[in-house]
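These are the residues of each chain, in order.
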Amino acid sequence: MFAPSGSSSISGSASASFSSGSSNSSSSSSSTGTGASSTNSTSVSGSASGSAERGEANNNHNHNLSLQLNGNGNSGNNSNSHSSSSSVITNGNNSNNSHNNSNSNNNTHTNLISGFCSSIWRSATFGSATPVVVSASAAAAATASVSVSASGSGTAMSDCSSSSLSVSPDASACLPDNDDEDQQQRQPLQRSEASSTDSYLAQDSDVAQQPQTFLGATELDDELIKQLPKEVLLRVFSYLDVVSLCRCAQVCKYWNVLALDGSSWQKINLFDFQRDIEGPVIENISQRCRGFLKSLSLRGCQSLGDQSVRTLANHCHNIEHLDLSECKKITDISTQSISRYCTKLTAINLDSCSNITDNSLKYLSDGCPNLMEINVSWCHLISENGVEALARGCVKLRKFSSKGCKQINDNAIMCLAKYCPDIMVLNVHSCETISDSSIRQLAAKCPKLQKLCVSKCADLTDLSLMALSQHNHLLNTLEVSGCRNFTDIGFQALGRNCKYLERMDLEECNQITDLTLAHLATGCPGLEKLTLSHCELITDDGIRHLTTGSCAAEILSVLELDNCPLITDRTLEHLVSCHNLQRIELFDCQLITRTAIRKLKNHLPNIKVHAYFAPGTPPAVTSGQRPRYCRCCEIL
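Just so it is clear, the model here is predicted, and its values are computed rather than measured.

Colleague: Mind laying out the overall build of the protein chain, listing which residues take part and the relevant values?
Modeller: Helix and strand counts for the protein chain stand at 22 helices and 22 strands. Taking all 636 residues of the protein chain together, 49% fall into the buried category. Within the protein chain, counting contacts between residues at least 6 apart in sequence, those at least 24 apart form 76% of the total. By element, 48% of the accessible surface of the protein chain is carried by carbon and sulfur atoms, the whole surface being about 29,700 Å².

Shown next as structure tokens:
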């Protein structure tokens, strides 16, 4: 794993070399040696590759570690070099020292930001900002505390006097081997990746104990981060997800306070924890976030009950987006609390909340006048009375979905068209009693309509398509699967006036022919996805018309042709010109061969072809007893 750019405070691309020996005796040593005259000189590049070179040194007992920076070094720390166990040497003339000192403040801020970014990256990735430390014996021999960053490219170094040097964990560090005793004491650096609740620990039992904070972060890092304004930290935390915030909260006490601050929890999605989320968790979150929380997704949290939602609504008055889909236990009591306290609510998802009734829609109508989106799909108790109450009170409604609500009828759709003229998205999938009268009124009174799903509304005819083509020129998505009464006449009108159509689902519209594809090819230049499954009258000529249209070459990406019995290999030859085609469905197209599919993949290597080839019919038995099971039964 790689840390973000700028996370290393040594240099961006400079190489640093370590040498011991020939330093002046005026610099103070933190340890004394008793042995050999030769030491190791370790060379570390900007990427901390850790290749070591052995050099010769004078016979002295003080091992001074020097850091040489190639390029633009930071000499603002030079004033502290005589008081530390390591000295900093920069390339260049001594006359540039005054200029470097004048830029020390800028370099300090750079180190501060880079250190913070590195700590954030380590915390979000590993759950801890704590570096690995070397053993006490190695630290005493080198007179410097060398730490390994968990991020893989080093952490910031705020002051040379701390003698804390960060290198990559993959770098092999070689420490001075003065004699046999030092050779035994020398320990390699080891790295251990911690979980979100554990710190990095050295493997040696004789570990140098540096000052630690909440979960082991050094006090130097803690003080470094504290120099940043609280507002900056909170702004950075506001971009993290729930898991990263929880990890950052375990770094140190200072981060714990800021990461759990309500301002960092404005948008929460707990879908990944749906099995573990229970009432007390939601109550704790709501009490901590309070007015800061604006968006909350509890999709799939089936243990959630009315009491938790009541507590949430009571504390989080500013919530705007709330997803309670598949929360099976909530009832009208929850929506009553939401409507009473969450007056700023603009979107709510109640999909598959089977206990929700018309009373919930009435509560929302009275208490949430700013509501713009609502989803009550598969809420079987919702009827036209609830939709009418909702439409009267929530006139700003833009999106309404009632998929699978059998009691939604023409009166409900007419109320939406009458009181909510700004409707842009409407999904009435499987609302089987809807007829042309309501769709025609919707088309006439809602000119901003862009997405419409009337699949499985079997009573609709071409009159609905003509009304849409006349009034809704901004229509870009149309799903009419299972509308068996639609013919080429209705789609001809759509192709003539609805130029912005991008997605069309015409599955089981079994009366349409190749003429429909010809009209769509010429009239809908932006068509991206087209479903023609079970359109049994479509032939190779229809696909040829489609591929010659303006949408085919660069726009068309998905084409579904399941159970089109008249489609042959010629269709795949025509589709070669569709350079952007990414997926094609060919299930149960009996006239398509494997050879044609291979040729198509040769021309379009990125395409995904989904096809199924039924087993061959077994030969007829001319003599003997007739088999009890056919070949298909044997396979099954």
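This is not the end of the story, as more comes after the structure.
Colleague: Quick one: what's the story with the packing of aromatic side chains, residue by residue and with numbers?
Modeller: Scanning the model with the defined rule gives two aromatic pairs in all. Judged by centre distance (5.6 Å) and plane angle (75°), the rings of Phe237 and Trp255 are edge-to-face. A residue pair is termed long-range when its members are at least 10 positions apart, and Phe237 in helix H6 (residues 230-237) and Trp255 in helix H8 (residues 253-259) qualify at 18 residues. This pair shows no difference in class: Phe237 is buried, exactly as Trp255 is. The ring of Phe271 has Arg299 lying over it, and the distance from NZ or CZ to the ring centre is 3.7 Å.

Colleague: I'd love a proper account of the nonpolar core, names of residues and values included.
Modeller: Counting residues in each nonpolar core, the largest one holds 125 residues, and the members touching the most others are Ile374, Phe400, Leu426, Leu478, Leu506 and Leu530. Of all the elements, helix H14 (residues 410-419) adds the most residues to this core, at five residues. Those residues within four positions of Leu506 in sequence are excluded, and the remaining contacts are Val480, Phe491, Ile512, Thr516, Leu520, Leu530, Thr531, Leu532, Ser533 and Cys535.

Colleague: Tell me about unusual backbone geometry, and please be specific about residues and values.
Modeller: Within the chain, Glu326 stands out as a residue other than glycine whose phi angle is a positive 65°. Counting through the fold element by element, Glu326 comes out in the loop between strand S11 (321-323) and helix H11 (332-341). Even without glycine at this site, Ser352 takes up a positive phi of about 65°. For Ser352, the position within the fold is in the loop between strand S12 (347-349) and helix H12 (358-367).

Colleague: Lay out helix H10 (residues 306-315) with the relevant residues and their values.
Modeller: Extensive coverage of H10 is indicated by the burial of seven of its ten residues. Buried within H10 we find Asp306, Ser308, Val309, Thr311, Leu312, Ala313 and His315.

Colleague: Please provide a residue-by-residue account of the environment of Ile538, values included.
Modeller: Within the secondary structure, Ile538 is located in the loop between strand S19 (529-531) and helix H19 (540-547). Taking the relative accessible area as the measure of exposure, Ile538 reaches 0% and is therefore buried. Note: C-alpha distance between Ile538 and Ile567 (29 residues apart in sequence) is 7.2 Å. Every residue in contact with Ile538, bar those within four places of it in the chain, is listed here: Ile512, Thr513, Asp514, Leu517, Ile543, Leu566 and Ile567.

Colleague: If you had to explain the packing of helix H13 (residues 384-393) against H14 to someone new, which residues and values would you point to?
Modeller: Packed helices, taken two at a time, are described by the angle between their axes plus the distance between the axes. One way to put it is that H13 packs onto H14 with a least axis distance of 8 Å and a crossing angle of 0°. As summarised for this structure, H13 and H14 are arranged roughly parallel, according to the angle between their axes. Every residue of H14 that contacts H13 at Glu384, Val387, Glu388, Ala391 and Arg392 is listed here: Asn411, Ala412, Cys415, Leu416 and Tyr419. Residues that form the contact of H13 with H14 fall into these classes: six nonpolar, one polar and three charged.

Scoring rules and cut-offs
- Residues numbered from 1 in each chain as written.
- Predicted model: local features only at pLDDT ≥ 70, side-chain atom pairs only at ≥ 80, totals over all residues.
- Heavy atoms only, no water.
- Helix = DSSP H or I, 4+ residues; strand = E, 2+ residues; numbered from the N terminus.
- Buried < 20%, exposed > 50% of the residue type's maximum accessible area, 1.4 Å probe, protein only.
- Contact = heavy atoms within 4.5 Å.
- Areas by Shrake-Rupley, 256 points an atom, 1.4 Å probe, with all protein chains shown as cover.
- Phe/Tyr/Trp six-rings, centres within 6.5 Å; stacked < 30°, edge-to-face > 60°.
- Lys NZ or Arg CZ within 6 Å of the ring centre and 35° of its normal.
- Core = buried A, V, L, I, M, F, W, Y, C linked by side-chain atoms within 4.5 Å.
- Axes fitted to C-alpha atoms, helices over the stretch in contact; angles between N-to-C directions.
- Parallel < 35°, antiparallel > 145°, perpendicular 65-115°, else oblique.
- Nonpolar A, V, L, I, M, F, W, Y, C, P; charged D, E, K, R; others polar.

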